[in-house]
4 protein chains.
Amino acid sequence: MGTKRLGIGLVGSGFMGRSHAFAFNAVGQVFDPPLRPALAMLADRDTEIAAAAAGALGFERAVGDWRQLVDDPSVDLVAIAAPNRFHKPIALAAFEAGKHVYCEKPLATSLADARAMVEAAERFGRIGLVGFNYLKNPIITLAREVVAAGEIGALVAFRGIHAEDYMMDPDAPHSFRTEPEGGGVLMDLGSHIVSLARHLVGPIEEVSAMAATVHESRPADGMRRPVPVEDHGHLVARFKNGALGALSANWLAPGRTMQLEFELTGTRGTIAFNQERFNELQVYAAGDLPGRGGFKTIVAGPDTPPYGNFCPAPGHQLGFNDLKTIEVAHLLAAIAGDVAPSPDFSEAYEIQRTIAAALRSATERTWVTVADC
Amino acid sequence: MGTKRLGIGLVGSGFMGRSHAFAFNAVGQVFDPPLRPALAMLADRDTEIAAAAAGALGFERAVGDWRQLVDDPSVDLVAIAAPNRFHKPIALAAFEAGKHVYCEKPLATSLADARAMVEAAERFGRIGLVGFNYLKNPIITLAREVVAAGEIGALVAFRGIHAEDYMMDPDAPHSFRTEPEGGGVLMDLGSHIVSLARHLVGPIEEVSAMAATVHESRPADGMRRPVPVEDHGHLVARFKNGALGALSANWLAPGRTMQLEFELTGTRGTIAFNQERFNELQVYAAGDLPGRGGFKTIVAGPDTPPYGNFCPAPGHQLGFNDLKTIEVAHLLAAIAGDVAPSPDFSEAYEIQRTIAAALRSATERTWVTVADC
Amino acid sequence: MGTKRLGIGLVGSGFMGRSHAFAFNAVGQVFDPPLRPALAMLADRDTEIAAAAAGALGFERAVGDWRQLVDDPSVDLVAIAAPNRFHKPIALAAFEAGKHVYCEKPLATSLADARAMVEAAERFGRIGLVGFNYLKNPIITLAREVVAAGEIGALVAFRGIHAEDYMMDPDAPHSFRTEPEGGGVLMDLGSHIVSLARHLVGPIEEVSAMAATVHESRPADGMRRPVPVEDHGHLVARFKNGALGALSANWLAPGRTMQLEFELTGTRGTIAFNQERFNELQVYAAGDLPGRGGFKTIVAGPDTPPYGNFCPAPGHQLGFNDLKTIEVAHLLAAIAGDVAPSPDFSEAYEIQRTIAAALRSATERTWVTVADC
Amino acid sequence: MGTKRLGIGLVGSGFMGRSHAFAFNAVGQVFDPPLRPALAMLADRDTEIAAAAAGALGFERAVGDWRQLVDDPSVDLVAIAAPNRFHKPIALAAFEAGKHVYCEKPLATSLADARAMVEAAERFGRIGLVGFNYLKNPIITLAREVVAAGEIGALVAFRGIHAEDYMMDPDAPHSFRTEPEGGGVLMDLGSHIVSLARHLVGPIEEVSAMAATVHESRPADGMRRPVPVEDHGHLVARFKNGALGALSANWLAPGRTMQLEFELTGTRGTIAFNQERFNELQVYAAGDLPGRGGFKTIVAGPDTPPYGNFCPAPGHQLGFNDLKTIEVAHLLAAIAGDVAPSPDFSEAYEIQRTIAAALRSATERTWVTVADC
């Protein structure tokens with residue numbers, strides 16, 4: 001591990017905030033990062049909550065106001081795990097203060113805000129990385145290599161879904177997920193499957209989408225209020241390279257806990273993946289002898305880096321938090337100037353723009369060119 | 001088995017023709033049908049081919065002209081397993097001659113022709129059944145019962161695909177499948193997934209589709225000629241009951257041999273199925289105790305009729321040809337007046353109309369209401 | 001199909017008797033057998049039952065006494081699907097009458113009886129084939145070819161089980177399965193996994209086994225009577241070629257309907273199979289590039305003969321009754337002198353001897369050499 | 001996290017040593033342990049290696065001699081991840097020095113040594129925990145609860161295997177694994193499946209085993225030397241409660257990377273598990289309505305504690321290193337007196353004794369009572 005300290009300021013200590021803390025804590029043991037992350041400061045919505053979380057997660061200091069954190073000289077990187085509507089103001093302030101930013105997806109609650117964040121990252125010349133948790137999975141990196149090596153030929157179709165069931169209960173209350181700005185399942189889960197589609201196939205040029213709100217009201221403030229966002233959405237898409245896609249997002253899919261699933265069809269092979277078994281990749285490549293062809297189950301191991309940093313033996317399996325540790329290792333390398341950050345704010349913006357196009361399509365009942373959004 | 005003879009006249013002795021013959025031969029042993037099918041006559045494109053097939057399959061007589069078969073008094077039912085462009089003339093002649101018709105899908109090569117066939121069936125009051133091979137699977141019948149009993153709640157989304165790889169080779173030649181009228185993968189395979197969608201969810205009101213031709217030319221008559229139909233297509237759909245769908249069809253999907261796969265999401269449960277393992281149904285129903293919920297793999301057996309007619313022990317598995325035998329048992333019951341035929345010509349017409357709407361959408365780059373086709 | 005008639009006399013019309021009838025009826029259409037089977041006569045325990053079954057299954061005549069069937073000049077082959085204790089007398093009488101015999105497993109209720117049957121087959125020079133339903137599966141034939149071609153190297157270990165749950169209920173009554181002679185799960189199900197082990201690996205020289213009776217009494221004649229046979233048994237085995245085995249049989253395994261499952265380990269590869277998905281074979285063969293190795297799922301199709309006789313398209317799947325049709329096609333070829341029958345009575349005897357050795361081991365609490373039984 | 005410091009002294013920095021370090025580093029964030037582990041000292045076979053590892057893993061000090069570590073006052077717990085032959089001397093010295101011990105499996109290279117270690121733990125009244133990595137998996141804890149609640153009835157049979165392929169290459173060299181004392185696959189991998197069998201079913205009374213050495217020599221010191229231990233072994237077993245078992249271990253199983261797999265049969269249900277997909281448990285419980293029964297795939301989540309400490313959302317999956325973190329959390333609780341350590345040295349001794357009985361059985365070709373070893 002490098003000896004140069006990188007002060008981490010974490011905003012938010014919920015699900016993703018804890019995961020950030022785990023990753024910053026683990027990265028120095030698992031990898032040999034060029035910088036030494038120090039858990040400098042944690043901010044949450046009030047001082048008490050922040051102090052408790054800082055104690056549990058090992059941060060040196062705690063504050064009830066993220067602005068203090070952004071301005072604190074001990075903080076070099078601002079990690080944003082706060083509700084979506086805070087992403088923009090925190091990121092902009094952080095960049096302005098000369099800090100790097102590690103932001104959870106989605107980038108912002110509107111495309112205009114996301115655009116402003118991309119511009120800020122560029123203007124201030126700081127690193128901006130967006131936490132699309134699933135892209136750094138070694139088995140996804142393998143999938144990219146299989147594609148790049150031409151092992152499945154030219155790309156034909158990408159069929160994918162991200163479905164879970166956390167909003168299945170009609171009495172699940174309103175939250176940031178159901179806010180008219182920045183909410184909805186296409187933003188929340190759809191952005192993951194779009195990020196994978198772009199990661200593996202490339203930019204999407206055109207979409208046509210349908211979406212529906214199944215549970216039309218949910219509890220809030222002691223009464224039921226209308227839900228202004230969709231519960232599930234489905235789109236067909238045309239990629240720039242001519243491939244076609246069919247993508248779905250659903251947050252009330254009973255029994256689905258992590259169905260981030262796709263199959264990628266090429267002219268000479270097929271790749272299939274499901275995050276529910278994310279240490280495996282199904283690959284079919286034409287060319288076997290008769291009676292010997294079939295889908296192969298490839299299991300993550302030292303041959304699919306950086307798995308070996310976690311475990312020298314194959315098949316032992318990485319967990320969700322390990323994926324975040326890989327993401328953080330990449331972030332540190334990017335800040336040290338060793339690699340370009342990916343997905344950066346610009347990529348996150350393009351993902352969000354694709355979602356925006358789908359939402360417009362669903363509303364206007366027409367095909368929409370992504371570049372027009 | 002009933003003693004009343006039903007003379008079977010089979011047109012075509014290829015893949016599906018043989019399957020018909022197997023089914024008519026087996027049905028009397030496996031079931032106790034109200035009519036006794038007799039393999040009366042087989043027609044194929046010339047007398048020699050027909051005679052050879054009739055000998056192999058056990059038909060009493062053979063002819064080189066289907067018109068003779070239709071008019072023959074020994075024939076009571078005309079089974080059409082000929083190329084798609086012959087469906088209409090044979091069916092119309094058969095109805096006119098007072099015969100029942102068992103026709104392979106798709107019904108016709110144009111929507112107008114299909115309409116004419118529906119009208120002929122009605123006018124002459126004969127039974128018309130269309131061979132959508134996969135609908136009579138006991139495990140699909142179970143799926144319908146699970147839906148009907150409300151076990152998965154209200155229907156939310158149907159996501160499906162039918163993909164195989166028989167056209168994956170760019171040198172696979174032109175055939176009836178690539179004819180501008182009635183060809184294309186949406187008609188060939190897409191009709192199966194649409195038939196399942198309608199069978200389980202109901203009518204589709206509106207679609208938006210994208211389609212593409214990957215191999216732009218194929219061999220024919222010693223040269224390469226352009227391919228006028230799509231190799232894969234994808235659509236989003238709105239069902240009459242408000243559910244949404246995402247459907248795909250692909251005949252150059254490497255490694256896929258029988259991926260007729262869907263997941264049906266309800267408000268309280270999920271059903272998943274893949275024809276590659278068609279004796280199994282995955283069912284999730286909410287309501288288990290914490291830590292005890294999960295997708296259940298239900299295996300076909302005597303509790304999923306008519307499996308027990310084939311085998312008294314569960315888990316032994318039906319094969320593809322057994323599905324056709326169930327279809328034929330249903331056909332005989334329909335001719336005897338015991339049940340209404342399903343899918344009848346009218347249902348096959350609606351399936352075809354949905355495909356036509358998708359094709360128009362893909363061409364006109366717009367959403368299309370099925371009723372407008 | 002050959003024109004020479006082969007008169008079939010079937011004894012027993014239960015589960016396996018019907019399956020025999022289905023197969024004899026189908027074989028002429030699916031294959032091009034050298035003989036033409038004619039459903040000549042069916043015998044069952046009384047005339048009435050026999051007549052009803054003969055009508056349903058299409059046999060020309062029915063009798064209430066199998067001796068009449070054996071002696072009838074219209075019968076050339078006696079198919080034995082009667083309870084185990086009848087196998088020996090029927091087979092011996094049939095051979096003596098110059099008939100061929102197709103007998104369901106297990107061969108007999110004692111090793112001495114089985115030996116007598118082998119000798120009778122040899123003495124009278126007739127064909128004797130034993131119905132081990134699962135050996136003729138095209139995917140098992142593929143497994144043998146993979147082994148024979150050296151694709152998994154030298155054989156190291158065979159680990160298998162046959163488990164179902166039909167005796168799970170402690171109130172399931174006594175039957176031929178629980179008779180002290182010839183009963184027990186090792187004979188009933190264990191013989192299947194032993195037959196597969198011998199089919200793929202070769203003879204077993206030595207065994208050590210443990211067995212237990214879980215439900216110590218079952219209903220019979222209005223009272224509960226002790227169960228004299230085991231409900232489950234487990235053995236380790238040494239094959240002649242040095243490979244080792246671990247085999248289990250269990251007929252009260254909840255939720256298992258057809259778990260005839262094995263994994264065969266070689267020095268350079270592995271084969272895994274489960275009859276619950278019997279159209280698939282899992283094969284791992286060493287030698288792939290780093291990061292590209294994995295178990296391959298091979299799906300039955302025209303490249304795994306004789307699948308193509310049933311269906312020209314891969315992946316459509318054979319069913320249980322189709323396996324029996326393949327067995328019958330093999331039987332007809334053997335009777336016509338085209339192939340050696342397999343598994344013949346001698347092979348069935350060796351399987352039974354292996355089971356007998358296991359049972360002795362379990363009783364005497366010691367290792368047992370199969371040749372000593 | 002408690003404020004009381006617990007000084008960790010780690011001996012060995014290979015595969016398991018790093019895993020220990022990861023776990024001690026993570027446990028304070030993920031759990032709220034009663035003690036605060038401090039990475040005090042790391043020992044390895046020379047000072048240089050130890051220093052490099054200490055730097056990478058975050059230990060305060062490094063030594064080339066484990067005796068120094070054991071005696072160092074900053075060390076309260078000695079974690080032993082050194083080759084098997086060092087387990088006994090280190091553990092004995094540590095207990096004598098008043099330290100707690102956390103030892104990787106197997107406990108020792110002989111049963112007598114293991115016995116001595118158990119006695120030392122008792123004599124000095126220190127905590128001894130043995131690292132059987134897979135027992136603390138939340139889904140295994142669920143399996144135990146399902147058993148304890150009677151959901152699968154009385155236990156009937158346990159069928160298991162642990163197979164990997166790391167010794168598949170005949171040129172894989174000699175190592176501690178192939179030493180005559182304490183080596184062999186039954187000790188290395190077999191101990192894991194025995195530990196699971198005891199964890200879920202209870203003590204094993206009697207075994208009969210076969211074992212074989214496939215690759216009879218391996219490289220060492222520039223030449224090929226004979227291999228004195230088995231490459232695979234298989235045993236049948238009788239548990240104290242009357243259940244039977246069939247267990248296998250194989251370290252040259254091609255394509256297997258983490259096949260720690262079992263099925264546990266009860267009178268009313270079945271549990272199946274494979275470590276290759278260790279966040280899932282297959283459970284069948286009798287009692288569903290006809291046509292609704294089947295194996296259920298239960299996925300780890302907050303309802304299977306302590307999964308929720310790692311992630312509040314189900315289905316996101318734990319990784320191998322997370323299992324070690326759970327083990328360490330348990331260790332800290334045991335040291336603090338909150339729980340009894342499990343598996344303690346006594347349990348590890350019983351596991352080893354079962355393996356010793358199997359090895360004796362394989363050599364003496366007879367059944368062996370475990371209590372006689």
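None of these values were measured; they are calculated from a predicted model. (Residues numbered from 1 in each chain as written. Chains lettered and ligands numbered in written order. Predicted model: local features only at pLDDT ≥ 70, side-chain atom pairs only at ≥ 80, totals over all residues. Heavy atoms only, no water.)

Honestly, the domain arrangement of chain A in this entry has me stumped. Any pointers?
How big an interface is tends to be expressed through the accessible area that disappears when the partners come together. Residue and element names in this part refer to chain A. Taken domain by domain, chain A consists of domain 1 (5-133) and domain 2 (138-277 + 279-318 + 343-364). Measuring from the centre of the C-alpha atoms in domain 1 to the corresponding centre in domain 2 gives 25 Å. Listed by partner, the interface residues are 26 residues for domain 1 and 22 residues for domain 2. Counting the surface domain 1 buries against domain 2, the share from its top three residues, Lys105, Leu111 and Phe132, is 29%. Our count for the contact surface shared by domain 1 and domain 2 stands at 2 salt bridges. (Domains from an automatic or database assignment. Contact = heavy atoms within 4.5 Å. Buried area = accessible area lost by both parts, 1.4 Å probe. Salt bridge = Lys/Arg side-chain N within 4 Å of Asp/Glu carboxyl O.)

How should the interface of chain B and chain A be read in this particular structure?
Contacts between chain B and chain A engage 48 residues on the former and 48 residues on the latter. Together, the buried faces of chain B and chain A total about 3800 Å²; carbon and sulfur atoms form 63% of this surface. By the criterion of area lost to chain A, the three top residues of chain B are B:Arg159, B:Met210 and B:Trp367, representing 22% of everything that side buries. On the surface where chain B and chain A come into contact, there are 4 salt bridges. At the boundary of chain B and chain A, one finds 11 residue pairs in polar contact (both at pLDDT 80 or more). When contributions to the side of chain B that touches chain A are tallied by element, the ones reaching two or more residues are strand E7 (155-163), strand E8 (204-212), strand E11 (232-239), strand E12 (244-250), strand E13 (259-266), strand E14 (269-274) and helix H10 (345-364) of chain B. Sort the elements by how many residues they give to the side of chain B that touches chain A and E8(B) lands first, with 7 residues. Broken down by class, the residue content of the side of chain B that touches chain A amounts to 24 nonpolar, 17 polar and 7 charged. (Polar contact = N/O pair within 3.5 Å; in protein donor to acceptor, adjacent residues only side chain to side chain. Helix = DSSP H or I, 4+ residues; strand = E, 2+ residues; numbered from the N terminus. Nonpolar A, V, L, I, M, F, W, Y, C, P; charged D, E, K, R; others polar.)

Looking at this structure, how should I read the side chain of B:Thr270?
By the element assignment, B:Thr270 lies in strand E14. Judged by its relative accessible area of 1%, B:Thr270 is buried. A distance of 2.7 Å separates the side chain of B:Thr270 from the backbone oxygen of A:Pro254, its partner in a polar contact. If we skip the residues at most four places from it in the chain, B:Thr270 touches A:Ala253, A:Pro254, A:Arg256, B:Ile152, B:Leu264, B:Thr265, B:Gln282, B:Val283, B:Tyr284 and B:Phe295. (Buried < 20%, exposed > 50% of the residue type's maximum accessible area, 1.4 Å probe, protein only.)

Can you help me understand the relation of the copies chain B and chain A in this one?
Each of the two copies of the chain can be brought onto the other by a rotation about an axis and a shift along it. When chain B is brought onto chain A, the operation consists of a screw motion whose angular component is 180° and whose axial shift is 0.0 Å, with 0.0 Å RMSD remaining. On this basis, the relationship between the two copies can be described by a two-fold rotation axis. Of every C-alpha in chain B, the one belonging to B:Thr366 sits nearest the axis of rotation, 2.9 Å from it. A shared interface surface links the copies, since 100% of the contact residues of chain B are contact residues in chain A too. (Least-squares fit on C-alpha atoms with pLDDT ≥ 70 in both.)

What am I meant to see in the interface of chain C and chain A here?
Each side of the interface is counted separately: chain C has 15 residues, and chain A has 15 residues. In total, about 1300 Å² of surface goes out of reach between chain C and chain A, with carbon and sulfur atoms giving 43% of it. Inspection of the region where chain C meets chain A yields 4 salt bridges. In this structure, the salt-bridge partner of C:Glu151 is A:Arg292, at a minimum N-O distance of 2.8 Å. Counting the contacts that link chain C with chain A gives 8 residue pairs in polar contact (both at pLDDT 80 or more). Those elements that provide at least two residues to the side of chain C that touches chain A are helix H6 (138-148) and strand E16 (295-299) of chain C. No other element matches the 4 residues that E16(C) contributes to the side of chain C that touches chain A. Its residues assigned to classes, the side of chain C that touches chain A comprises 5 nonpolar, 4 polar and 6 charged.

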